[in-house]
Amino acid sequence: MLASLRLHYAELLKKFGRFKIIFIVLPYLVLVVLCFYFAYQRCVPIFTNDGVKYTRKSICGKIKSAEVLPTPKNPNEKKVDVKVNTDSEVNYWEIIDISKSPHFSTGLKVYDKDLPSPVVRWNNFLLGVNQEHYIEKSGEAFLGSPASERYTLQSQIRTVRTYNIDTGETFDISLEKPIWEKIWYITSQVVDDTYYFGIGGAYGASLGYKVDLPPQRTSRITKLKTTIGNEITKYGNVYVSSSCYEGCTYSLFNPSSLTTSPLQRMTDASNDYINNRKEEFMGIDSQGRMILNIRDIPKDSNNQQSFETDAIAVVPLTDEKSTIILLKASELPEKIHRYSMIYGIDKILMLGFSKAYIYNMASNKFNEIQIGLKLKELLSSNNNISITKTDKAACIADMESIKYAIDLTTETYSDTPPNDCKKLYAEKSKEDIFKELKLPDNFEFVYTPTIYKTYNVVKRTPESELPNDSKVIK
């Protein structure tokens with residue numbers, strides 16, 4: 001019996017001996033698999049840890065992004081209404097009289113967004129629209145916002161502030177009906193003895209109110225029946241109102257009846273987005289007449305540089321149908337591709353492809369201006385140039401900056417443009433505004449930022465998801 005059992009075990013050991021190598025290798029295989037598993041867990045391209053999903057650039061690479069995973073919502077969690085602070089800052093400069101102790105505020109303010117300024121000067125008076133702020137529920141829609149209600153900073157205008165520079169007297173002139181709306185821009189100006197002002201939204205401000213000058217405590221603000229554009233410009237005895245937003249429209253303005261009539265020819269000639277327009281606006285002379293470049297336009301051509309002058313014409317603003325030929329193409333000294341005028345100076349700057357001329361409208365004579373070599377090269381290359389103006393000089397810029405100037409009064413060229421040459425479309429700075437007001441030395445602009453407590457109301461918010469800087473209201 002014992003011998004039989006020994007024989008049986010011997011046969012079993014003999015059979016398992018065939019798998020001896022497996023028993024030896026198996027622990028090592030398990031160890032390798034475990035090492036590979038733990039190494040992969042350290043180098044896995046996408047993994048989650050403490051509620052954050054991490055993504056690597058590659059296996060074992062650097063972390064590319066981390067995304068906080070939403071916390072599973074508890075359907076039984078308490079939900080509350082919260083007020084979330086969204087403070088708004090209003091930055092403005094206030095005109096202060098520093099000769100008094102304590103320093104005296106005129107109450108006239110220039111805001112960042114209002115440049116150029118709504119403050120103007122007439123004789124010894126400063127006038128400005130008095131913009132006030134308040135917080136109220138906004139009716140605007142905000143897509144994607146969790147806010148149920150938004151309480152935003154809004155504006156109202158109830159008065160025009162006046163300040164007498166000589167006496168220090170200040171007082172407000174009230175509107176019959178305050179202006180309550182979304183105010184983005186304010187514009188104001190003095191024309192003759194009338195102060196005009198207006199407000200507007202995203203498309204700019206339009207003049208819609210007036211005050212007769214000089215201002216008095218008993219003065220009244222008159223609301224115009226129709227707005228008269230962004231700006232009024234007086235040329236000789238002619239008044240032109242303009243309304244500009246991605247192009248300008250022009251109208252004749254009658255200050256007696258406060259009415260306007262369209263200047264369609266001036267509008268068409270002034271807007272250079274009309275590539276194939278027959279007439280190009282050059283400027284207005286001292287008599288209030290348009291000066292136009294009547295162009296010879298080849299068929300099917302949209303290249304502005306290929307348009308040649310057919311004639312220079314004069315058109316009275318009070319009679320746009322009238323056309324008076326001033327110069328024929330054959331009378332020009334050479335082929336001209338740029339024209340410029342400055343109001344008050346009855347001269348036309350003409351730029352050819354290597355030379356510059358000034359045409360005197362009064363004497364009917366041309367004067368060639370001796371220009372520098374670099375400007376000659378710029379003209380001959382036919383590159384895009386831009387021309388801005390001071391009260392007497394044309395400022396010529398290449399694609400980078402203003403580099404040259406031609407004075408139309410002295411008819412001289414300079415390689416160094418004057419300091420008042422501005423870039424095309426450059427906005428006025430607060431320093432420019434202060435200079436234009438020509439205030440005595442005892443006045444300063446003082447920067448006065450103010451914080452308004454605007455906020456959002458978010459309703460039915462789970463207590464675990466309360467936003468930062470929020471307060472439970474119920």
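Residues numbered from 1 in each chain as written. Predicted model: local features only at pLDDT ≥ 70, side-chain atom pairs only at ≥ 80, totals over all residues. Heavy atoms only, no water.

Participant: Help me understand the overall build of the protein, please; the structure alone is not making it clear to me.
Facilitator: Within the protein, the regular secondary structure consists of five helices and 36 strands. Counting the 474 residues in the protein, one finds 41% classified as buried. Sequence-distant contacts in the protein: of pairs separated by 6 or more residues, those separated by 24 or more amount to 47%. (Helix = DSSP H or I, 4+ residues; strand = E, 2+ residues; numbered from the N terminus. Buried < 20%, exposed > 50% of the residue type's maximum accessible area, 1.4 Å probe, protein only. Contact = heavy atoms within 4.5 Å.)

Participant: Explanation requested: the sheet that holds strand 7 (residues 104-111) in the structure shown.
Facilitator: Working definition: the strands of a sheet are paired by backbone hydrogen bonds and lie parallel or antiparallel to each other. One open sheet holds the three strands; their spatial order is 7-6-33, and the pairing between them is antiparallel. For this open sheet the edge positions go to strand 7 and strand 33 (443-447), each flanked by a neighbour on one side alone. For this sheet the average axis-to-axis angle between neighbouring strands, irrespective of direction, equals 30 degrees. In this sheet, strand 7 lies alongside strand 6 (residues 92-97) in antiparallel orientation, the contact comprising five bridges. Paired with Ile 96 across the strands is Ser 105, a residue of strand 7. Together, strand 6, strand 7 and strand 33 form the strand contacts of helix 5 (residues 430-437), whose direction differs from that of strand 33 by roughly 155 degrees. (Pairing = 2+ DSSP bridges. Axes fitted to C-alpha atoms, helices over the stretch in contact; angles between N-to-C directions.)

Participant: Would you mind showing me how to read the environment of Ile 232 here?
Facilitator: If you trace the backbone, Ile 232 turns up in strand 17 (residues 231-235). Taking C-alpha positions, Ile 232 is 7.4 Å from Val 191, a pair spaced 41 residues apart along the chain. Excluding residues within four positions of it along the chain, Ile 232 makes contact with Gln 189, Val 191, Tyr 196, Leu 207, Tyr 239, Val 240, Ser 241 and Phe 253.

Participant: Sorry, what's going on with the nonpolar core here?
Facilitator: It is characteristic of soluble globular proteins that their nonpolar side chains tend to be buried jointly. One finds Leu 127, Ile 157, Leu 175, Tyr 195, Phe 197 and Ile 221 to be the most contacted residues of the largest nonpolar core, which totals 20 residues. Looking at this core, the elements that each hand over two or more residues are strand 8 (119-122), strand 9 (125-137), strand 10 (149-164), strand 11 (170-181), strand 13 (194-201) and strand 15 (209-212). A per-element tally of this core places strand 11 first, with four residues. Counting 19 residues, the second-largest nonpolar core is a separate cluster that includes Ile 358, Ile 369, Ile 385 and Ile 396. (Core = buried A, V, L, I, M, F, W, Y, C linked by side-chain atoms within 4.5 Å.)

Participant: Honestly, the side chain of Gln 156 in this entry has me stumped. Any pointers?
Facilitator: Looking at the element boundaries, Gln 156 is found in strand 10. In this structure, Gln 156 is in contact with Asn 130, Gln 131, Glu 132, Tyr 134, Ile 179, Trp 180 and Ile 183, ignoring residues within four places of it in sequence.

Participant: How should helix 4 (residues 373-380) be read in this particular structure?
Facilitator: Think of an α-helix as turning once every 3.6 residues; residues three or four places apart then point the same way. Within the span of helix 4, buried status applies to Leu 375, Leu 378 and Leu 379. Along the long axis of helix 4, the arc covered by the buried residues comes to 95 degrees, so they all point the same way. For helix 4, the exposed residues lying more than 90 degrees away from the buried face are Leu 373 and Lys 374. Turning to helix 4, the residues buried within the fold contact strand 26 (345-351), strand 30 (393-397), strand 31 (402-407) and strand 32 (412-414). (Arc of directions from axis to C-beta.)

Participant: In this structure, what is going on with the sheet that holds strand 32? I would like to understand it.
Facilitator: Read from one edge to the other, the open sheet built from four strands follows the order 29-30-31-32, with strand pairing classed as antiparallel. Two strands in the sheet have a free side with no partner beyond their single neighbour: strand 29 (386-389) and strand 32. Each neighbouring strand pair of the sheet contributes to a mean axis angle of 25 degrees, computed without reference to strand direction. Sheet topology note: the strand 31/strand 32 ladder contains three bridges and is antiparallel. Across the sheet, residue Ala 405 finds its bridge partner in strand 32, namely Ser 414.

Participant: What am I meant to see in the environment of Thr 388 here?
Facilitator: Mapping Thr 388 onto the fold places it in strand 29. Among the residues examined, Thr 388 registers a relative accessible area of 10% and is labelled buried. For the pair formed by Thr 388 and Ile 402, sequence separation is 14 residues and the distance between their alpha carbons is 8.8 Å.

Participant: Is there a simple way to think about the environment of Val 238 in this case?
Facilitator: Positionally, Val 238 belongs in strand 18 (residues 238-244). Judged by its relative accessible area of 11%, Val 238 falls in the buried class.

Participant: Help me out: how do you make sense of the pattern of salt bridges in this one?
Facilitator: Enumeration over the complete set of coordinates arrives at 14 salt bridges. Between Lys 137 and Glu 149 there is a salt bridge whose closest N-O contact spans 3.6 Å. Residue Lys 137 is located in strand 9, and its partner Glu 149 is located in strand 10; the two are separated by 12 residues in the primary sequence. Using a relative accessible area of 46% as the deciding quantity, one classes Lys 137 as partly exposed. Here Glu 411 makes a salt bridge to Lys 347, at a shortest N to O gap of 2.9 Å. Pair noted here: Glu 411 is in the loop between strand 31 and strand 32 and Lys 347 is in strand 26, with a separation of 64 residues, a long-range link. For the pair formed by Glu 411 and Lys 347, the shared burial category is buried. Within the structure, one salt-bridge network assembled from shared partners comprises Lys 137, Glu 149 and Lys 459. (Salt bridge = Lys/Arg side-chain N within 4 Å of Asp/Glu carboxyl O.)

Participant: It is not clear to me how the state of the cysteines should be interpreted in this structure. Could you clarify?
Facilitator: Any covalent bond linking the sulfur atoms of two cysteines counts as a disulfide. In this structure the tally under the stated criterion is two disulfides. Here Cys 395 pairs with Cys 421 through a disulfide, and the sulfurs are 2.0 Å apart. Where Cys 395 bonds to Cys 421 through sulfur, the torsion about that S-S bond is close to -80 degrees, and the disulfide is left-handed. Taken together, the residues span a long stretch of sequence, with Cys 395 in strand 30 and Cys 421 in the loop between strand 32 and helix 5 at a distance of 26 residues. Grouping residues by exposure puts Cys 395 and Cys 421 together as buried. (Disulfide = S-S within 2.5 Å.)

Participant: What is the right way to read unusual backbone geometry from this model?
Facilitator: Of all residues except glycine, most have a negative phi; of all peptide bonds, most are trans. Omega for the peptide link from Ser 101 to Pro 102 comes to -5 degrees, which places this bond in the cis form. Here the residue pair Leu 213 and Pro 214 is connected by a cis peptide bond, since its omega of 5 degrees sits within 30 degrees of zero. Mapped onto the secondary structure, Pro 214 falls in the loop between strand 15 and strand 16 (222-223). One non-glycine residue, Leu 258, lies in the positive phi region at around 55 degrees. Mapped onto the fold, Leu 258 is located in the loop between strand 19 (248-254) and strand 20 (259-262).

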